[in-house]
Amino acid sequence: MALFQHPARITRRILASQIMMTTSCQASTRHIHTSAAQTAASELLKKVKGQKFVRKQLLDGNQLQKLSLTLGRRSEFCTGEPPDGTYLPYGHHLVYFTPSQFESELGADGSDTTFNSPAPFTRRMWAGGEMLWNPQVQLRIGDRVEETTEILDAKAKKSRDGSEMVLVDVEKIFASPRGVALTDRRSWIFRQPLPAPPTGSIAPVITIPTTKSHMQDDTHLKAGYTMRNLVWSPVALFQFSALTFNAHMIHFNESWTRQVEGHPNVVVHGPLNLINLMNYWRDVHSRDGAIKAKSIAYRALSPLYAEEEYTIGTEAVEEGNGETIRYRLVVKRGEVVCMRGEVVGVRPR
């Protein structure tokens, strides 16, 4: 698989199993119909297309320690703040450069609206993306890093049930004092709100969480690689929301999630899934850091929910004669595939 293809090709690959190109704009000699999704996509592009948004931030050790505590990785950074110079593990940049908005500027669902589609497409979901790391320039604690964000594209789509939505492609480039360390491309889809429930039908949700987050590896498989079993509690998801300054209510407000968004429970964060996918790759495949991750291409296929057990595993490893190795990883809830990822690793020279 060629990495960092043209954004349009990346988008088609990520969402091939979820959506199809919209056909609602049909030209004739007399009339051209523009859908609501096309109008919203055009408005967003008109607002931000071609602009680059630059922020700078010090990568502090406290944030990395709090993430390790949230992830339950007792052997990694949990006993104290890691010192300057500590390498940032793959994907852990996702808890830095958090949203910077006043509450009054957030969407109705609590989400950061900086790059959101205009109304009525206000329900945001993480669709997939691609990351490319520079093995020679790794992010470190103590670095003052520059993040440059740019909207690559926004376009109208239709889901398999025929409903309209907007797909937004974003690119973030992270540069340390030693040069560009990471390019992070991600895709979001925005849907219209669900119909409001009938008046008087909403009852308060009162649930006492009893599940504790846990992670356990099954290394006694008859064939294949280690499989990791995970469960996330609502408490841990709240901690991750706080750590990333993410007020999107689908991750911590059970009433909103069930009654407005239609989910059975609070939703596990897309960035949290991605971090766990890369942690699994590090623990199982990196050979104590001897194999470096060059890239990951991933797509989200189905939500994961609090208090549900799911697994991360390896479907295949393709050992080439060159310097790269490809690892096909999968996240599953029972037989339901929730996320797929392909990591390209680089052998030591």
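Residues numbered from 1 in each chain as written. Predicted model: local features only at pLDDT ≥ 70, side-chain atom pairs only at ≥ 80, totals over all residues. Heavy atoms only, no water.

An unreviewed UniProt entry lists the protein chain under the name Mesaconyl-C(4)-CoA hydratase, with Podospora pseudocomata given as the organism.

Right, let's get into the side chain of Glu 147. Tracing the backbone shows Glu 147 in strand β4 (residues 144-159). Glu 147 gets classed as buried once you look at its relative accessible area, which sits at 3%. A polar contact of 3.3 Å, which involves the side chain of Glu 147, links it to the side chain of Lys 172. With residues up to four places along the chain from it excluded, the contact list for Glu 147 reads Phe 53, Val 54, Arg 55, Phe 97, Lys 172, Ile 173 and Phe 174. (Helix = DSSP H or I, 4+ residues; strand = E, 2+ residues; numbered from the N terminus. Buried < 20%, exposed > 50% of the residue type's maximum accessible area, 1.4 Å probe, protein only. Polar contact = N/O pair within 3.5 Å; in protein donor to acceptor, adjacent residues only side chain to side chain. Contact = heavy atoms within 4.5 Å.)

This next bit is on the nonpolar core. Trp 232, Trp 281 and Ile 296 are the most contacted members of the largest nonpolar core, which has 66 residues in total. At 7 residues, helix α6 (residues 270-285) tops the list of elements feeding residues into this core. For Ile 296, the residues in contact, after removing those within four places along its chain, are Gly 129, Glu 130, Met 131, Trp 133, Leu 274, Leu 277, Met 278, Glu 342 and Val 343. The next biggest cluster of nonpolar side chains, apart from the first, holds 5 residues, and it includes Met 249, Ile 250, Val 267 and Tyr 305. (Core = buried A, V, L, I, M, F, W, Y, C linked by side-chain atoms within 4.5 Å.)

Before going further, it helps to examine the side chain of Ser 117. Looking at where Ser 117 falls in the secondary structure, it is placed in the loop between α3 (61-71) and β3 (123-133). Here Ser 117 falls in the buried class, since its relative accessible area comes to 5%. Setting aside its immediate chain neighbours within four residues, Ser 117 contacts Ala 40, Leu 44, Val 166 and Phe 190.

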